[in-house]
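This is what each chain is made of:
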Amino acid sequence: MSSGDDGESSGRLTGIKSALRVVPNFPKPGIMFQDITTLLLDPKVFKDTVDLFVERYRNENISVVAGIEARGFIFGPSIALAIGAKFVPLRKPKKLPGEVISEKYVLEYGSDCLEMHVGAVTSGDRAIVVDDLIATGGTFCAAMNLLERAGAEVVECACVIEVPELKGRERLESRGKPLYALVESQFERRS
């Protein structure tokens, strides 16, 4: 479910949602891009976003925060530092030096691949996967596959925005993995 059962969280979530912007027809015609860069311009809202994730995971014995390139890199390292976990970048092909493992996947407007360093996670690690948004869930599933192949237990997937119409949550739940999303997508155009 989305975050925010108490009044303080609700106020922070309202601030987060109002700081987001929708960019029509980006990166392709017909896509209503949910832009988090406007959220980053407001230090209080940016901090509130990170704090909500930290509050959720602080006492959950998470040892790995895996961030999906590129916007998972914005939130993941701050969360990892605050909860005392290591940050593992999950990158596009040929961006990581050294030995990697790869996972190909299909997303809502094409296909792609994620890579992770061999040895970045080990058996017994408890991981969360972080990104800015979940649409169909394909990228999150690829990330989970990489981490699980290396022996980690994926505890949960987390994102700022969920696009419920694309059923990514259901895809994760069908694999037994919960999703923590701060807000649902908005489709009104904001400048």
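Going by the structure above, here's the rest.
How each quantity is defined
Residues numbered from 1 in each chain as written. Predicted model: local features only at pLDDT ≥ 70, side-chain atom pairs only at ≥ 80, totals over all residues. Heavy atoms only, no water. Helix = DSSP H or I, 4+ residues; strand = E, 2+ residues; numbered from the N terminus. Expected span 1.5 Å × (residues − 1). Buried < 20%, exposed > 50% of the residue type's maximum accessible area, 1.4 Å probe, protein only. Contact = heavy atoms within 4.5 Å. Lys, Arg positive; Asp, Glu negative; His and termini not counted. Salt bridge = Lys/Arg side-chain N within 4 Å of Asp/Glu carboxyl O. Polar contact = N/O pair within 3.5 Å; in protein donor to acceptor, adjacent residues only side chain to side chain. Pairing = 2+ DSSP bridges. Axes fitted to C-alpha atoms, helices over the stretch in contact; angles between N-to-C directions. Right-handed = clockwise from strand over helix to strand, strands pointing away. Parallel < 35°, antiparallel > 145°, perpendicular 65-115°, else oblique. Left-handed = near helix turned anticlockwise from the far one by under 90°. Nonpolar A, V, L, I, M, F, W, Y, C, P; charged D, E, K, R; others polar.

### Some remarks on helix α3 (residues 43–57)
For an α-helix the count is 3.6 residues per turn, leaving residues at separations of three or four pointing the same way.
Right, so step 1: Taking 1.5 Å per residue as the helical rise, α3 with its 15 residues ought to reach 21 Å, and the 21 Å between its terminal C-alpha atoms agrees with that figure.
Right, so step 2: Those residues of α3 that fall on the buried side of the exposure criterion are Val45, Asp48, Thr49, Val50, Leu52, Phe53, Val54 and Tyr57.
Right, so step 3: Packed against the buried residues of α3 are α1 (7–19), α2 (37–40), α4 (72–83), β7 (126–134), β8 (153–162) and β9 (179–184).

### Focus on the side chain of Asp131
Right, so step 1: Among the structural elements, Asp131 can be located in strand β7.
Right, so step 2: The buried charged residue Asp131 lacks any salt bridge partner; its closest oppositely charged side chain belongs to Arg71, at an N-O distance of 5.4 Å.
Right, so step 3: At 3.4 Å, the side chain of Asp131 forms a polar contact with the backbone nitrogen of Gly72.
Right, so step 4: Beyond its immediate chain neighbours, meaning those up to four positions away, Asp131 contacts Ile68, Arg71, Gly72, Phe140, Ala158, Cys159 and Val160.

### A closer look at the sheet that holds β9
The pairing of strands in a sheet happens through backbone hydrogen bonds and is either parallel or antiparallel.
Right, so step 1: The strand order across the open sheet built from five strands is β4-β3-β7-β8-β9, with neighbouring strands paired in parallel fashion. With one partner strand each, in any of the chains shown, β4 (86–90) and β9 form the two edges of the open sheet. Taking the axes of each pair of neighbouring strands and ignoring which way they run, one obtains an average angle of 20 degrees across the sheet.
Right, so step 2: Alignment of β8 against β9, held across five bridges, turns out to be parallel. If you follow Cys159 over to β9, its bridge partner there is Ala181.
Right, so step 3: Here α1 sits on the sheet and contacts β8 and β9; the angle it forms with β9, its principal contact strand, is near 65 degrees.
Right, so step 4: Contacts from α3 reach β7, β8 and β9, with the element oriented near 155 degrees to β8.

### Things to note about the pairing of strand β3 (residues 64–68)
Right, so step 1: The element β3 is largely enclosed, with a buried count of five among its five residues.
Right, so step 2: Because side chains alternate across β3, one face comprises the buried residues Val64, Ala66 and Ile68, and the other comprises Val65 and Gly67, equally buried.
Right, so step 3: Where β3 lies against β4, five bridges are found, and the strand directions are parallel. Looking across to β4, one finds that Val64 is bridged to Lys86.
Right, so step 4: Once you follow β3 into α4 and on to β4, the crossover reads as right-handed.
Right, so step 5: Here β3 runs beside β7; their pairing, made up of four bridges, is parallel. By the bridge assignment, Ala66 is partnered in β7 with Val129.

### What about the packing of α1 against α3?
Right, so step 1: Between α1 and α3, the least distance of the axes is 9 Å, while the angle of their chain directions is 130 degrees. As summarised for this structure, α1 and α3 are arranged oblique, according to the angle between their axes. As for the relative orientation of α1 and α3, their crossing is left-handed in sense. Touching Ser9, Arg12, Leu13, Gly15, Ile16 and Ala19 of α1 are Val45, Asp48, Thr49, Asp51, Leu52 and Glu55, all from α3.
Right, so step 2: Here the residues of the contact of α1 with α3 sort into five nonpolar, three polar and four charged.

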